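Understanding the architecture of this molecule
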Amino acid sequence: MSMATRTDTRSPALHVADSHDLIRVQGARENNLADVSIEIPKRRLTVFTGVSGSGKSSLVFATIAAESQRLINETYSAFVQGFMPTLARPEVDVLEGLTTAIIVDQQRMGADARSTVGTVTDTGAMLRILFSRLGQPHIGPPGAYSFNVPSVRASGAITVERGAAKAARKTFTRTGGMCPRCEGRGAITDFDLTQLYDDSKTINAGALIVPGYSVDGWYGRIFAGCGFFDPDRPIRTFTRTELHDLLHKEPTKIKVDNVNLTYEGLIPKIQKSFLSKDVDALQPHIRAFVERAVIFTTCPDCGGSRLSEAARSSKISGISIADACAMQISDLAGWVHGLAEPSVAPLLAALHHTLEAFVEIGLGYLSLDRPSGTLSGGEAQRVKMIRHLGSSLTDVTYVFDEPTIGLHLADVEQLLGLLDRLVDAGTSVIVIEHHQAVMAHADWIIDLGPGAGHDGGRIVFEGTPAELVAARSTLTGEHLAAYVDT
Ligand SMILES: Nc1ncnc2c1ncn2[C@@H]1O[C@H](COP(=O)(O)OP(=O)(O)OP(=O)(O)O)[C@@H](O)[C@H]1O
Ligand SMILES: [Mg+2]
Ligand SMILES: [Zn+2]
């Protein structure tokens, strides 16, 4: 096992004289930290180690990242600060050389059905610009290729104030790429009617089997008293119109027992009360009903691509933006590379570069139309990293908390490659990590301990991985030595 491959090519650059190259922490006392003073090299990979409860989070998050956030907040105007939480200054005497800290965590990305790998990275936006420039037929600006932008048409009078003001009628249209049928979700909901009612029964005998719609309940009374159908006839004998009114009728004012009410068909009512919420937030019996009764099917209009017909019709060498987003990213990178179009060369280069980054960190098998909520924790973290790789911020500090959690060894290798790229781009990378491969790869290791709580909170080692192994003075050193020897 080779170690410290990077320390061979880059010295840790701990020239104390040049304090610009260091983040200096003096007298940190958050939680269990015992007046800790350390120096972290900038533009290097620094790994914090130590047993659980030794104080890693207290130092990295509660002290360094917290102070960075506080300093950023202070740069806003007093007015804006009024809307932000007041952050207490962490318990620390000196914190120097701090740069903006960006925390990249493993939290799953929001389960918002509208967010995809393409939308959470810049790739989706870049593809839309590309298609708006090169797509044939030309259908409009980038928004015309976005499934989050609906088409809008408005008309009315506008007043032009010029000399004697005069009004003119104008029509305004904006072409969006959203599939109108599924509203950009890619799926539509269908109902299994046998889960909504028993068609051999009458409404008054309890035909409705939707939770909360019993005959003696509130909704039961509305359906029995609305007058659109006979509550004493079995539903299977209803006419087409009666069945339509039962299932789909648009909101209509009615009077039941002299009370003014609004009647609405069963299906829009269920959609509003049960389906507008996150399925996980529903009460268990309602959730069970939704899972029984609602069938999510691919939208027949857009075939699940979420895009309008116009957006799908516009192509670059036979490929639509929907096709491009459905391609495996490694294939898409090849396709983009093959487009020789001088007018958009910088855009193509940037897009290709980002797509290649996916491939390099082992995510080439994903596609841009993959809903981001379906990514695993590790995949999500790496996708978030890609978002940062493209950013032009260099003087920032990335903070990762155990990025290897749940990764296989091969993925750990890819992760290390990604951390290297961040460092090579000129950023400082701080990682809290137990994985020996990451420790061995570090430029600098800071080991907290020796124990947890009161028994921890001190720096038991700081130096290169090679020095940690040579010293074998700490538990972490013993473990790393054993790993490196294998
Ligand atoms: N908000 C707090 N208030 C009081 N004590 C705290 C607080 N946060 C952490 N501690 C204590 O400080 C000590 C260090 O905690 P810390 O979270 O920094 O450990 P850690 O090294 O990050 O551990 P882990 O590997 O489990 O994340 C622990 O004994 C913990 O119980
Ligand atoms: Mg912690
Ligand atoms: Zn659709």
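The structure presented is a predicted model; accordingly, all values stated were derived computationally and were not measured.

Further remarks concern the sheet that holds strand E14 (residues 396-401). An order of E5-E14-E15-E3-E16-E17 is seen for the six strands of this open sheet, with the pairing classed as mixed. Two strands close off the open sheet at either side, each with one partner strand: strand E5 (100-104) and strand E17 (458-463). Neighbour-to-neighbour, the strand axes of the sheet open up by a mean angle of 20°, direction not taken into account. Pairing of strand E3 (residues 45-49) with strand E15 (residues 428-432) involves four bridges; the strand directions are parallel. The residue bridging Thr46 from the neighbouring strand is Ile430, located in E15. Where helix H15 (residues 409-424) meets the sheet, it contacts E3, E14 and E15, and its direction lies at approximately 145° from that of E15.

Attention now goes to the domain arrangement of the chain. The domains assigned to the chain are domain 1 (5-108 + 376-485), domain 2 (117-182 + 303-352) and domain 3 (187-298). Between the C-alpha centres of domain 2 and domain 3 the distance comes to 39 Å.

Taken together, Asn31, Asn32, Gly50, Ser52, Gly53, Ser54, Gly55, Lys56, Ser57, Ser58, Ala452 and Gly453 make up the full set of residues adjacent to ligand 1. Here the shell around ligand 1 is built from residues that sort into one nonpolar, ten polar and one charged.

With their axes 10 Å apart at the nearest point, helix H5 (residues 123-134) and helix H13 (residues 345-360) run at an angle of 150° to one another. One way to sum up the angle between H5 and H13 is to call them roughly antiparallel. Taken as a pair, H5 and H13 cross one another with a handedness that is left-handed. Together, Thr123, Met126, Leu127, Ile129 and Leu130 of H5 and Leu347, Ala350, Leu351, Thr354 and Leu355 of H13 make up the contact between the two elements. Within the contact of H5 with H13, the residues separate by chemical class into eight nonpolar, two polar and no charged.

What counts and what doesn't
- Residues numbered from 1 in each chain as written.
- Chains lettered and ligands numbered in written order.
- Predicted model: local features only at pLDDT ≥ 70, side-chain atom pairs only at ≥ 80, totals over all residues.
- Pairing = 2+ DSSP bridges.
- Helix = DSSP H or I, 4+ residues; strand = E, 2+ residues; numbered from the N terminus.
- Axes fitted to C-alpha atoms, helices over the stretch in contact; angles between N-to-C directions.
- Contact = placed C-beta atoms within 7 Å.
- Domains from an automatic or database assignment.
- Near = placed C-beta within 6 Å.
- Nonpolar A, V, L, I, M, F, W, Y, C, P; charged D, E, K, R; others polar.
- Parallel < 35°, antiparallel > 145°, perpendicular 65-115°, else oblique.
- Left-handed = near helix turned anticlockwise from the far one by under 90°.

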